[in-house]
Amino acid sequence: MPSIHRFLRRLLPLAAMFVAALPVAATAQALEEGKNYTRLKNPQAVNAGDKIEVLEFFSYGCPHCADLDPVLVQWQKTLPADVVFRRVPVGFGRESWDNLGKAYYTLEALGVEQKLAPEVFAAIHRGNVRLDMPKTFFDWAAGKGLDRKKVEDMFNSFAIAGKMNKANQEAAKTYQVQSVPLVIVDGKFMTASDKVGSHANLPSAINALVAKAKAERGKK
């Protein structure tokens, strides 16, 4: 009997892991159009050429985007060579969110966005730091070891303003984005965490839509 008990004790954690994995596996296997994702009526050309492009419309100011960020960071580590991921900050006509979008493009231009993104989200949503205020953002960036003048000059440049204007146009006119975070796969499939049950389920859903996009392109 003791050996049976030991066997059962070893089996139960494995069974729990299997059950926990079922929702994600099911998401990947059987996405329902109209429920888990939407096929866009007007598919858009992507900027990635032969590669499948995955877009995330987001804002540093969005708490749901903050919660999703670590999930997508881990997912990005698994991307195959023929899939590219691009983030697009959205302003929704708010000066504060436009400023956060410009902060995103500034950090990206300086090559530190991926490194500092978790700290940006934490400062805003856990530290209540007003990074949507340019001076506060410049001071915060300097505290992270960046050259304050370079940050300020980049933030106020025509290049960054142009990128933010283009991002807002892409969100509003091209994809009619009404809420974030929102994911677009290959310019034709739209999904989000609330459509697939949770943030944890989203990577599997994206992967399933990437596979679907490849199949429709005739790619393996």
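Because the structure is predicted, anything quoted here is derived from the model rather than measured.

(A) Up close: unusual backbone geometry. Cis rather than trans, the peptide bond between Val180 and Pro181 has omega equal to 0°. Even without glycine at this site, Asn128 takes up a positive phi of about 55°. Along the chain, Asn128 turns up in the loop between helix H4 (113-125) and helix H5 (134-143). Of note in the backbone geometry, Asp186 takes a positive phi value of approximately 55° without being a glycine. Of note, Asp186 is situated in the loop between strand E4 (182-185) and strand E5 (189-191). Under the relative-accessibility criterion, Asp186 is labelled buried at 5%.

(B) Structural view of the packing of aromatic side chains. Tallied over the full model, the rule gives 12 aromatic pairs. Summarising the aromatic geometry, the rings of Phe58 and Tyr104 are spaced 5.3 Å apart at their centres and angled 80° between planes, so their arrangement reads as edge-to-face. Of this pair, Phe58 sits in strand E2 (residues 52-58) while Tyr104 is found in helix H3 (residues 95-109), placing the two residues 46 residues apart along the sequence. Across this residue pair, the class does not change: Phe58 and Tyr104 are buried. Taking 6.0 Å as the distance between ring centres and 45° as the angle between the ring planes, the aromatic pair formed by Phe92 and Trp97 counts as tilted. Phe92 gets classed as partly exposed once you look at its relative accessible area, which sits at 32%. Chaining the aromatic ring pairs together yields one cluster made of Phe58, Tyr60, Tyr104, Tyr105 and Phe121. If you follow Arg87 out to its NZ or CZ, it ends over the ring of Phe58, 4.0 Å from the centre.

(C) Focus on the environment of Leu107. With respect to the helices and strands, the residue Leu107 is situated in helix H3. Contacts of Leu107, omitting those with residues within four sequence positions, involve Tyr60, Val112, Glu113, Leu116, Val120, Phe137 and Leu146.

Parameters and conventions
- Along every chain, residues carry numbers that run from 1 in the direction the sequence is written.
- Whole-chain, interface and lining totals are the exception, using all residues; otherwise, since this is a predicted model, local features are given only for residues with pLDDT of at least 70 and side-chain atom pairs are given and counted only at 80 or more.
- Side-chain metrics in this entry use all non-hydrogen atoms of the structure; hydrogen atoms and water are not considered.
- Only runs of H or I of at least four residues qualify as helices and only runs of E of at least two qualify as strands under DSSP, and these elements are numbered from the N terminus.
- Here the term buried applies to any residue with accessible area under 20% of the maximum for its type, exposed to any over 50%, and partly exposed to those in between, with areas from a 1.4 Å probe on protein chains only.
- Ring pairs are drawn from Phe, Tyr and Trp, using the six-membered ring of Trp, whenever the two centres fall within 6.5 Å, and their geometry is named by plane angle: stacked under 30 degrees, edge-to-face over 60, tilted for the rest.
- Charge over a ring is defined by NZ of Lys or CZ of Arg lying within 6 Å of the ring centre and within 35 degrees of the ring normal.
- In this analysis, two residues are considered to be in contact whenever any of their non-hydrogen atoms come within 4.5 Å of each other.

These figures come from the coordinates and say nothing about function on their own.
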